[in-house]
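Structural characterization, general
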Amino acid sequence: MASEKSVWDSNIVFILAMIGSAVGLGNIWRFPNVLYSNGGGSFMIPYIVSLFLLGISFVLVEYAVGFKFKTSLSKIFFTIKSGLEPVAWFIIFVVFLITTYYVCVVGWDLIYVVLSFTKAWGSNPDLFFTNDVLHASDSLSGIFTIVPWVFISVLAIWVAAWSIIQKDLNAGIGKVSKILLPILLIIVIIIVAFSLTLSGASIGYTQIFTPDWGALTNLNVWLAAFGQIVFSLSLGMSIALTYASYLPESAKLTNNALIVAFSNSGFEVFNAIGIFSILGFMTLTSGIPFNELVTEGTGLAFVVFPKAFNIMGSWASVIGPLFFLCILFAGITSVMALLEVVCFSISEKFNYSRKKSATVVCVVGFCISCLFTTSAGSLLLGIFDAFLNNFALLFGVLLECIIFGWIYNFDKLVEVLNNHSTIQMDPFWKIIIKYILPICIFGLWAQGVYNTILTGDSVSHMVMLALTVVLIVVPIIFTLLPAKNENYYKPIEDD
Ligand code: PFF
């Protein structure tokens, strides 16, 4: 990576890889719950406003920066101001830690792909998930007990991720995106089409279109919409920045950003129709109230959906595996993107080959992931997720807004986009990045800090404190380590 600069084979490959990075677990199991708990149909208003005003605006910053500098995040920050390099390593390290537990959830899903053919979770999927799959303990003492099947499936995901990422950009990420994205789309179309034929489907999907207008006056609903956009578009993780740095000069940046953002949102709304229809079917068949079924994350995928497959009849042995495959493919394409960010900065600074940086990152990542393959894994994973997503990542986005909006000459970014797009940027964009976005991010961040401190127990506070220390120390170490690439400290032309 450090020696030769990779370039995407075509714009389509870039778009597919970008969509693959954005479409992930967040689209499949986070969005339906966020939509339902924040006003149903009327949620689409704050959602679309957040998408345009904040999501696309920030993605455009990442595109412009990546495309302009054509290098890694750490070198870009070093170039803008050498003192900013630790901020870049902070963001990269947050992305790395997120990857270590994200891989684990994809690993759980892999287990469910296998289980789903025979509905091996039995009549009590809830108990099965916590006891038989996770062997979950509710104290940290479980950290010394490895759960073999989780360990094996997490190892399998890491090996798959490594084998993709260590290859050349187009032979690895490019090729996998070209194969998996169309398959993902076909699977979702099949699931949604099937779910609409189920009795009771309308009980579910009408929830998406039934608005609660009162919810619009609630600030938390707006923050939830914004939070979903941040998560779903993977804002601030510098994925867009890294992928855009591989674009050829002829690329149309703004056009690409719009295509990716609309595809990602289109995917999650379309997928939600299927999820809600299946939940509607379950309400009708089992009598469980709809609001008790709409849960977020692992509860929805590994408990509620297996329950739905149990009462679906013979079709469940087709739809079940397809559903879990869909999560698997969406997860893998996001993992590749997260890893690329980390590997690119490491190989740029330390002059590692693509293969070497992929190997080092994946081996260290796997070792950290092992923590989540123990009996205390799900407990730790919840704490890592709350801390890294609510505090650390948002803090990173806030810093990026300040760095690109205030410290760097923002007009240069406007120029880059306008020179490489058929759509011209409005001056309002600058106001969004400099003022509106940081205020919104701060609001979301403060809400996250407040909730986590309020709801967390002493164990989670202890783990979060340890993570804070690590997140300060590791970026400083990476900054102080001397670069092995002689070009690393050379200024990049920036006119
Ligand atoms: N946008 C992807 C998703 O929705 O799952 C990828 C991602 C987002 C991964 C946020 C991790 C994360 F914390």
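For the structure, check the block above.
The present account deals with the structure reproduced in this document. Since this is a predicted model, take the numbers as computed values, not measurements. (Residues numbered from 1 in each chain as written. Predicted model: local features only at pLDDT ≥ 70, side-chain atom pairs only at ≥ 80, totals over all residues. Heavy atoms only, no water.)

**Focus: the overall build of the protein**
Cut-off, in case you're wondering: Helix numbering and strand numbering both begin at the N terminus, where a helix is a DSSP run of H or I of at least 4 residues and a strand a DSSP run of E of at least 2. Each radius of gyration reported is based on C-alpha atoms, and the globular scaling rule is 2.2 Å times the count of residues to the power 0.38. Relative accessibility under 20% of the residue-type maximum defines a buried residue, over 50% an exposed one, and the middle range a partly exposed one, all with a 1.4 Å probe and only protein chains included. In this analysis, two residues are considered to be in contact whenever any of their non-hydrogen atoms come within 4.5 Å of each other. Areas reported as accessible are Shrake-Rupley estimates using a 1.4 Å probe. Residue values count occlusion only from the protein chains shown. Neither His nor the chain termini are counted; the positive set is Lys and Arg, and the negative set is Asp and Glu. Charge positions come from single atoms, namely NZ of Lys, CZ of Arg, CG of Asp or CD of Glu.
For the protein, the helix and strand inventory stands at 20 helices and 0 strands. The C-alpha radius of gyration computed for the protein amounts to 22 Å, which stays within 12% of the reference 23 Å derived for 495 residues, consistent with globular compactness. With the C-alpha coordinates of the protein rotated into their principal frame, the extents come out at 65 × 50 × 45 Å. In the protein, which comprises 495 residues, the proportion classed as buried is 59%. Considering only contacts within the protein whose residues lie at least 6 apart along the sequence, 86% involve residues at least 24 apart. When the accessible surface of the protein is summed, it comes to about 18,600 Å², and 68% of that surface belongs to carbon and sulfur atoms. For the protein, the centre of its 21 positive side-chain charges and the centre of its 26 negative side-chain charges are spaced 9 Å apart.

**Re the nonpolar core**
The line we're drawing: Note on terminology: a nonpolar core comprises buried Ala, Val, Leu, Ile, Met, Phe, Trp, Tyr and Cys residues joined through side-chain atoms within 4.5 Å.
In terms of nonpolar packing, the biggest core is built from 191 residues, with Trp8, Tyr63, Phe77, Tyr243, Phe323, Leu388 and Trp429 touching the most fellow members. Of the residues forming this core, the biggest block, 23 residues, is contributed by helix H5 (residues 85-116). Each residue touching tyrosine 243, except ones within four places of it in the same chain, is listed here: Trp8, Phe14, Ala17, Met18, Ser21, Ile173, Met336, Ala337 and Glu340.

**Quick notes on helix H15 (residues 316-350)**
Convention followed: Multiplying 1.5 Å by the residue count of a helix minus one yields the expected span of that helix.
When the terminal C-alpha atoms of H15 are compared, their 50 Å separation across 35 residues agrees well with the 51 Å that a helix rising 1.5 Å per residue should span. The buried fraction of H15 is high, at 32 of 35 residues.

**What about the environment of glutamate 296?**
Locating glutamate 296 in the fold gives a position in the loop between helix H13 (290-293) and helix H14 (298-310). C-alpha separation for the pair glutamate 296 and tryptophan 29, spaced 267 residues apart in sequence, amounts to 5.9 Å. Not counting residues up to four positions away in its chain, the partners in contact with glutamate 296 are Trp29, Arg30 and Asn33.

**Quick word on the site of the ligand**
Cut-off, in case you're wondering: Whether a residue is near a molecule or strand is decided by its heavy atoms; if any one of them lies within 4 Å of it, the residue is near. Here a polar contact is taken to be a pair of N or O atoms separated by no more than 3.5 Å, where protein atoms must pair a possible hydrogen donor with a possible acceptor and residues adjacent in sequence count only if both atoms sit in side chains. Side-chain classes follow a simple rule in which Ala, Val, Leu, Ile, Met, Phe, Trp, Tyr, Cys and Pro form the nonpolar group, Asp, Glu, Lys and Arg form the charged group, and the remainder, Gly included, forms the polar group.
For the ligand, the set of nearby residues contains 14 residues, the closest of which are Ala22, Tyr102, Phe231, Ser232 and Ser234. Contact between the ligand and phenylalanine 231: a nitrogen atom at 3.0 Å from a main-chain N or O atom of the residue. For the ligand, the accessible surface in isolation is 330 Å², of which the surrounding protein chains cover 99%. Of all elements in the fold, only helix H1 (11-22), helix H2 (25-37), H5 and helix H10 (219-232) reach the threshold of two or more residues within the shell around the ligand. The element contributing the most residues to the shell around the ligand is H2, with 3 residues. Partitioned by chemical class, the residues of the shell around the ligand number 6 nonpolar, 8 polar and no charged.

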